[in-house]
Amino acid sequence: MKIKKALYIVLGCIGVGLGALGAALPLLPAFPFLLLAAFCFAKSSQRLNDWFINTKLYKNNLETYVKGQGMTWKTKIRIMIMVTFLMGIGFIMMSRVPVGRIILSGVWLFHILYFTFGVKTIKGADVPELSDGIAAPCTYCCRIKVNGMKCENCAEKLRCALCQEGKYSAKVDFKSGIATVYGDTLPEKAFLADIVRRAGFKTDEICEPIKL
């Protein structure tokens, strides 16, 4: 049992590490790795599980899914393509291990069926897409014109700053310089401007909240 618990902890830590990279790198999906971490920590350590579910990484990327709010088709397809690609590499490398190929094919099929039918699909253009494409129903959104962002890392830094304690969600596009904050209630403009300033950027304009 101790070996099994240790294996879960190791896999969970790997999942957190890859999930953190996925949150920062646009080509690497964070969701499946964070889901792996959540599963492994829940199976192995209550302390690690409590720590993980209180991190911004979990709240910004996985919490809405765990609460049953679902995912968009765009996100589902992106995850399935990435996992299929990785499993395809493993399948090719197992040319001399037919049993391994059979097991890998079964895992791949389960993965496709799970994300197609097991995960709730949220439709509609009025549903905002949050970090890593996970969607969440919100009442209001507010767009902020930001000056000073130069890369995806800048956008991610600001997004994390705007997601205050899980009360709000945010989507930031550094190319257009637009940050969009979502929530059932939104803070005052001065509060949002202060968050942007403390993150190291300047606010050019904050639009009035829009009801979705």
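As the structure is a prediction and not an experimental result, all values here were calculated from the model. (Residues numbered from 1 in each chain as written. Predicted model: local features only at pLDDT ≥ 70, side-chain atom pairs only at ≥ 80, totals over all residues. Heavy atoms only, no water.)

Trainee: Report on the overall build of the protein, specifying residues and quantitative values.
Mentor: Looking only at helices and strands, one finds nine helices and five strands in the protein. Its helices and strands in sequence order give the protein the pattern α-α-α-α-α-α-α-β-α-β-β-α-β-β, from N to C terminus. Looking at the protein as a whole, 41% of its 212 residues are labelled buried. Considering only residue pairs separated by 6 or more positions, the protein has 66% of its internal contacts joining residues 24 or more positions apart. (Helix = DSSP H or I, 4+ residues; strand = E, 2+ residues; numbered from the N terminus. Buried < 20%, exposed > 50% of the residue type's maximum accessible area, 1.4 Å probe, protein only. Contact = heavy atoms within 4.5 Å.)

Trainee: Before we move on, could you go through the nonpolar core and cite the residues and values that matter?
Mentor: Soluble globular proteins: nonpolar side chains tend toward being buried together. Within the largest apolar cluster, 21 residues are counted, with the highest numbers of intra-cluster contacts made by Ile 144, Val 146, Met 149, Leu 158, Leu 162 and Phe 201. Secondary structure elements with two or more residues in this core: strand 1 (140–147), helix 8 (152–162), strand 2 (169–173), strand 3 (178–183) and helix 9 (189–198). With five residues, helix 8 is the largest single contributor of residues to this core. If near-sequence neighbours (up to four positions away) are discounted, Val 146 is found in contact with Leu 158, Gly 177, Ala 179, Val 196, Phe 201, Lys 202 and Asp 204. By size, the runner-up hydrophobic cluster in this structure holds 19 residues, among which are Val 16, Leu 62, Met 80 and Leu 104. (Core = buried A, V, L, I, M, F, W, Y, C linked by side-chain atoms within 4.5 Å.)

Trainee: Give a detailed account of the pairing of strand 2, specifying residues and quantitative values.
Mentor: In the sheet, strand 2 pairs with strand 3 via five bridges, with the strands oriented antiparallel. The partner of Asp 173 across the bridge, within strand 3, is Ile 178. In textbook terms, the turn of a hairpin is the stretch between consecutive antiparallel strands, and for strand 2 and strand 3 this stretch comprises four residues, one of which, Gly 177, has a positive phi near 75°. (Pairing = 2+ DSSP bridges.)

Trainee: Let's hear about the side chain of Thr 180: which residues, and what values?
Mentor: Structurally, Thr 180 can be placed in strand 3. With residues up to four places along the chain from it excluded, the contact list for Thr 180 reads Cys 141, Cys 142, Arg 143, Ser 169, Ala 170 and Lys 171.

Trainee: Tell me about the layout of surface pockets, and please be specific about residues and values.
Mentor: Taken as a whole, the second largest pocket encloses approximately 470 Å³ of empty space. Those elements that provide at least two residues to the lining of the second largest pocket are helix 2 (31–44), helix 6 (73–93) and helix 7 (98–118). Split by residue class, the lining of the second largest pocket holds 14 nonpolar, one polar and no charged. (1 Å grid on protein atoms, 1.4 Å probe; cavity = no way out; pocket = protein on both sides within 12 Å on 5 of 7 lines; lining within 4 Å. Points joined across faces, edges and corners; volume = space filled by probe spheres on them. Nonpolar A, V, L, I, M, F, W, Y, C, P; charged D, E, K, R; others polar.)

Trainee: Can you explain the state of the cysteines? Please cite residues and give values.
Mentor: One pass over the structure, following the stated rule, counts zero disulfides. No disulfide involves Cys 151; its nearest neighbouring cysteine sulfur is the one of Cys 154, lying 3.6 Å away. With a relative accessible area of 18%, Cys 154 lands in the buried category. (Disulfide = S-S within 2.5 Å.)

Trainee: With reference to specific residues and values, describe the pattern of salt bridges.
Mentor: Under the counting rule described, the total for this entry stands at three salt bridges. Salt-bridge contacts for Arg 159 lead to Glu 156; the nearest nitrogen and oxygen are separated by 2.8 Å. Pair noted here: Arg 159 and Glu 156 are both in helix 8, with a separation of three residues, about one helical turn. For Arg 159, a relative accessible area of 6% puts it in the buried group. Assessed through its relative accessible area of 17%, Glu 156 is described here as buried. Among the ionic pairs, Arg 197 bridges to Asp 194, the shortest N-O distance being 2.4 Å. (Salt bridge = Lys/Arg side-chain N within 4 Å of Asp/Glu carboxyl O.)

Trainee: Give me the lowdown on the side chain of Ser 44, citing residues and values where you can.
Mentor: Position of Ser 44 among the secondary structure elements: in helix 2. A polar contact is formed between the side chain of Ser 44 and the backbone oxygen of Cys 40, at a distance of 2.8 Å. Residues within four places of Ser 44 in sequence aside, it is in contact with Lys 5, Tyr 8 and Ile 9. (Polar contact = N/O pair within 3.5 Å; in protein donor to acceptor, adjacent residues only side chain to side chain.)

Trainee: So, a nonpolar patch on the surface: which residues are in play, and what are the values?
Mentor: On the surface, a cluster of nonpolar side chains totalling about 550 Å² of accessible area is made up of Leu 7, Val 10, Leu 11, Ile 14, Leu 18, Leu 21 and Leu 36. Of all the elements, helix 1 (residues 2–24) adds the most residues to the nonpolar patch, at six residues. Tracing the backbone shows Leu 18 in helix 1. Residue classification places Leu 18 among the partly exposed positions, given a relative accessible area of 30%. (Patch = residues over 30% accessible without salt bridge, like charges linked within 9 Å, V, L, I, M, F, W, Y side chains within 5 Å. Areas by Shrake-Rupley, 256 points an atom, 1.4 Å probe, with all protein chains shown as cover.)

Trainee: Tell me about the confidence of the model for the protein, and please be specific about residues and values.
Mentor: Detailed reading of the predicted coordinates is not advisable wherever pLDDT is low. Per-residue pLDDT for the protein has a mean of 78; in total, 81% of the residues score no lower than 70. This stretch, residues 131–135, has a pLDDT under 50; its non-local contacts, to residues over four places away or in other chains, come to 29 contacts. (pLDDT = per-residue confidence, 0-100.)

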